[in-house]
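The residues making up each chain are set out below.
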Amino acid sequence: MKKIQVTEPFLPPKEEYEKYLDGIWERNWLTNMGPLSLQLEEKLKDYLGLNYVQFVANGTLGLQLAVKALGLEGEIITTPFSYVATTSSIVWEGCEPVFADIDPNSLNIDPNKIENAITTRTTAILATHVFGNPCNIDAINKIAKKHDLKVIYDAAHCFGTMYRGKSVFCFGDISIASFHATKTFHTIEGGAVMSQDQALNEKIYHMKNFGHSGPGNFVELGINGKNSEFHAAMGLANLPYIADILEKRKSDSALYIEHLPKENIDYPVINAKAKYNFSYFPVIWPSAEVCQMITQALGDQEIYPKKYFYPSLSTLSYVEQMKCPISDDIANRILCLPLYYNLQGTEIKQITKIIKQTLKKAAQ
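Model, not experiment: these values are computed from the prediction.

Asker: Give a description of the sheet that holds strand β13 (residues 274-275) that names residues and reports values.
Answerer: Taken in spatial order, the 3 strands line up as β8-β7-β13 in an open sheet, and their pairing is antiparallel. Looking along the sheet, the strands with just one partner apiece sit at the ends: β8 (166-167) and β13. Taken together, the 2 bridges between strand β7 (residues 162-163) and β8 define a ladder with antiparallel strand orientation. Across the sheet, residue methionine 162 finds its bridge partner in β8, namely serine 167.

Spelled out as structure tokens, the structure:
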């Protein structure tokens, strides 16, 4: 078998990308919110059913812009089970992450633990829709309103996910997406910041472009958060294929479930109010030892799943250590199996065969 990574970027037909490159060469307009970047924003608004989308350099910068645009200070309650960018963005912007442990079923932040973590210094909740599975948005919104807190959603994995019939990006004061090459929809590097509040959207628009509001005029403290025409071109070339990409991930996930053992493994429970995008295929094993055995057995055949997310963010060296036993436990037992557009059914069956053999050895 060839090497199989946990993910592999989708690439459109080369000629379809080159069609956009021809226009870039003709215009000689490479960045600074050129016509392709604006066209991508418009198409994303149409596809996602949003009023506003700001195309930015990456999802991490999107989180930083969100914290800055909302003027947050003090403590931000967040999840310990996410990619490191969720926490590092809070710290980078001079705020203090306060971790609330996760729900063991959804793997998302537990709203019951959020309430207990609120202090007089709390200004916001930054929650991750883990693996594209929506949080308990209704409960989080209720808590935020009760305590006058802002809500940011790290929706990096969520392209194509719906909640209550609308894009999950509609919720919270601000949602961010990642368009990194590994994501369901990508622009090679990139992301988006989405707020459905007009004034806040205009603030983010200025902030991502140094604070410019015109030649020689600056209305905000800004940063260079723009993205290039080349990245926008990849997004425009990829967008027509998103329905096929989502359907392939759904059918591949079903194939995994069909061929994996029915006992001794668990999967995250998907929010009943969501239409899920199958952005990853995470499996929770009976123990850390079994997880390591599976990783080793697959690696011996040049198949490389990912212990995602590990470690629990509450253990990072630059944050105050907090006890999050559920996150710590899950982080040691979870593994995302390979899932991407060009993955073959025969490869999935080979992966599940190795897993079943390894689980049988572990039980002996």
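The structure having been displayed, the exposition proceeds.
Asker: So what's going on with the pattern of salt bridges? Residues and values would help.
Answerer: For the coordinates displayed, the defined rule picks out 13 salt bridges. Salt-bridge contacts for lysine 45 lead to glutamate 42; the nearest nitrogen and oxygen are separated by 2.8 Å. You can see lysine 45 and its partner glutamate 42 sitting in helix α2 (residues 35-48), 3 residues apart, about one turn around the helix. The network of salt bridges with common partners includes Glu75, Glu96 and Arg121.

Asker: Explain the sheet that holds strand β6 (residues 150-154) to me, using residue names and the numbers behind them.
Answerer: Strand order in the open sheet formed by 7 strands is β2-β10-β9-β6-β5-β3-β4, and the pairing between neighbours is mixed. Strand pairing shows two members of the sheet lacking a second neighbour, β2 (54-56) and β4 (96-99), which therefore form its edges. This sheet shows a mean twist of 25 degrees between the axes of neighbouring strands, independent of strand direction. Direction of pairing for strand β5 (residues 122-128) relative to β6: parallel, over a ladder of 5 bridges. Note that in β6 the partner of isoleucine 125 across the bridge is valine 151. Against the sheet, helix α3 (residues 59-69) makes contact with β2, β3 (75-78), β5, β6, β9 (174-178) and β10 (191-194), and its axis sits at roughly 165 degrees relative to β9, the strand it touches most. Helix-sheet contacts for helix α4 (residues 84-92) involve β3, β4, β5 and β6, and the interaxial angle to β4 is about 140 degrees.

Asker: Requested: an account of the packing of aromatic side chains, with residues and values cited.
Answerer: Enumeration according to the criterion identifies 19 aromatic pairs in this entry. Judged by centre distance (6.0 Å) and plane angle (90 degrees), the rings of tryptophan 25 and phenylalanine 230 are edge-to-face. One end of the pair, tryptophan 25, is in helix α1 (residues 14-27); the other, phenylalanine 230, is in helix α8 (residues 229-238), with 205 residues separating them in the sequence. On the basis of relative accessibility, which here comes to 27%, the residue phenylalanine 230 falls in the partly exposed class. In this structure, lysine 307 packs its charged tip against the face of tyrosine 310, placed 4.4 Å from the ring centre.

Asker: Let's hear about α3: which residues, and what values?
Answerer: Extensive coverage of α3 is indicated by the burial of 9 of its 11 residues. Turning to α3, its buried residues are Gly59, Leu61, Gly62, Leu63, Gln64, Leu65, Ala66, Val67 and Ala69. Its side-chain oxygen placed 3.2 Å from the backbone nitrogen of threonine 60, asparagine 58 serves as the N-cap of α3. Immediately downstream of α3, the backbone of glycine 71 shows phi near 65 degrees, a positive value.

Asker: Residue-level account of the nonpolar core, with values.
Answerer: With 56 residues, the main nonpolar core has Leu44, Ile140, Phe159 and Phe169 as its most contacted residues. Looking at this core, the element that brings in the most residues is α8, giving 5 residues. Setting aside anything within four residues of it in sequence, one finds phenylalanine 169 in contact with Leu48, Leu50, Ala155, Cys158, Phe159, Ser175, Ile176, Ala177 and Met194.

Asker: Report on the pairing of β5, specifying residues and quantitative values.
Answerer: Within β5, 6 of the 7 residues are buried, leaving the element largely enclosed by the surrounding structure. Pairing between β3 and β5: 4 bridges, direction parallel. Across the sheet, residue glutamate 75 finds its bridge partner in β5, namely threonine 122. As for the winding sense of the linkage, the β-α-β connection from β5 through helix α6 (residues 137-147) to β6 is right-handed.

Asker: Could you give an account of the environment of isoleucine 294, with specific residues and numbers?
Answerer: Its place among the elements puts isoleucine 294 in helix α10 (residues 288-300). Placed 41 residues apart in sequence, isoleucine 294 and leucine 335 show a C-alpha to C-alpha distance of 8.9 Å.

Asker: Give a description of a negative patch on the surface that names residues and reports values.
Answerer: Side chains of Glu15, Glu18, Asp22 and Glu26 sit close together on the surface and give a patch of like negative charge. Structurally, glutamate 18 can be placed in helix α1. The class of glutamate 18 is partly exposed, set by a relative accessible area of 35%.

Asker: So, helix α9 (residues 242-259): which residues are in play, and what are the values?
Answerer: Taking 1.5 Å of rise per residue, the 18 residues of α9 would be expected to cover 26 Å, and the 26 Å separating its terminal C-alpha atoms lies within 8% of that figure. Residues of α9 that are buried include every one of Ile242, Ile245, Leu246, Arg249, Asp252, Ser253, Leu255 and Tyr256, and no others. Its buried side turned inward, α9 meets α2, α8, β14 (281-284), β16 (334-337) and α12 (345-363).

Asker: Now, about the packing of α9 against α12: what can you tell me, with residues and values included?
Answerer: Two packed helices can be described by the angle between their axes and the distance between those axes. At a minimum axis separation of 9 Å, α9 and α12 run at an interaxial angle of 30 degrees. In this structure, α9 meets α12 at a crossing whose hand is right-handed. Across the interface between the two elements, Asp252, Leu255, Tyr256 and His259 of α9 pack against Gly345, Ile348, Lys349, Ile351, Thr352 and Lys356 of α12. Of the residues contributing to the contact of α9 with α12, the split by class is 4 nonpolar, 3 polar and 3 charged.

The rules behind the values
- Residues numbered from 1 in each chain as written.
- Predicted model: local features only at pLDDT ≥ 70, side-chain atom pairs only at ≥ 80, totals over all residues.
- Heavy atoms only, no water.
- Pairing = 2+ DSSP bridges.
- Helix = DSSP H or I, 4+ residues; strand = E, 2+ residues; numbered from the N terminus.
- Salt bridge = Lys/Arg side-chain N within 4 Å of Asp/Glu carboxyl O.
- Axes fitted to C-alpha atoms, helices over the stretch in contact; angles between N-to-C directions.
- Contact = heavy atoms within 4.5 Å.
- Phe/Tyr/Trp six-rings, centres within 6.5 Å; stacked < 30°, edge-to-face > 60°.
- Buried < 20%, exposed > 50% of the residue type's maximum accessible area, 1.4 Å probe, protein only.
- Lys NZ or Arg CZ within 6 Å of the ring centre and 35° of its normal.
- Polar contact = N/O pair within 3.5 Å; in protein donor to acceptor, adjacent residues only side chain to side chain.
- Core = buried A, V, L, I, M, F, W, Y, C linked by side-chain atoms within 4.5 Å.
- Right-handed = clockwise from strand over helix to strand, strands pointing away.
- Patch = residues over 30% accessible without salt bridge, like charges linked within 9 Å, V, L, I, M, F, W, Y side chains within 5 Å.
- Areas by Shrake-Rupley, 256 points an atom, 1.4 Å probe, with all protein chains shown as cover.
- Lys, Arg positive; Asp, Glu negative; His and termini not counted.
- Charge placed at Lys NZ, Arg CZ, Asp CG, Glu CD.
- Expected span 1.5 Å × (residues − 1).
- Left-handed = near helix turned anticlockwise from the far one by under 90°.
- Nonpolar A, V, L, I, M, F, W, Y, C, P; charged D, E, K, R; others polar.

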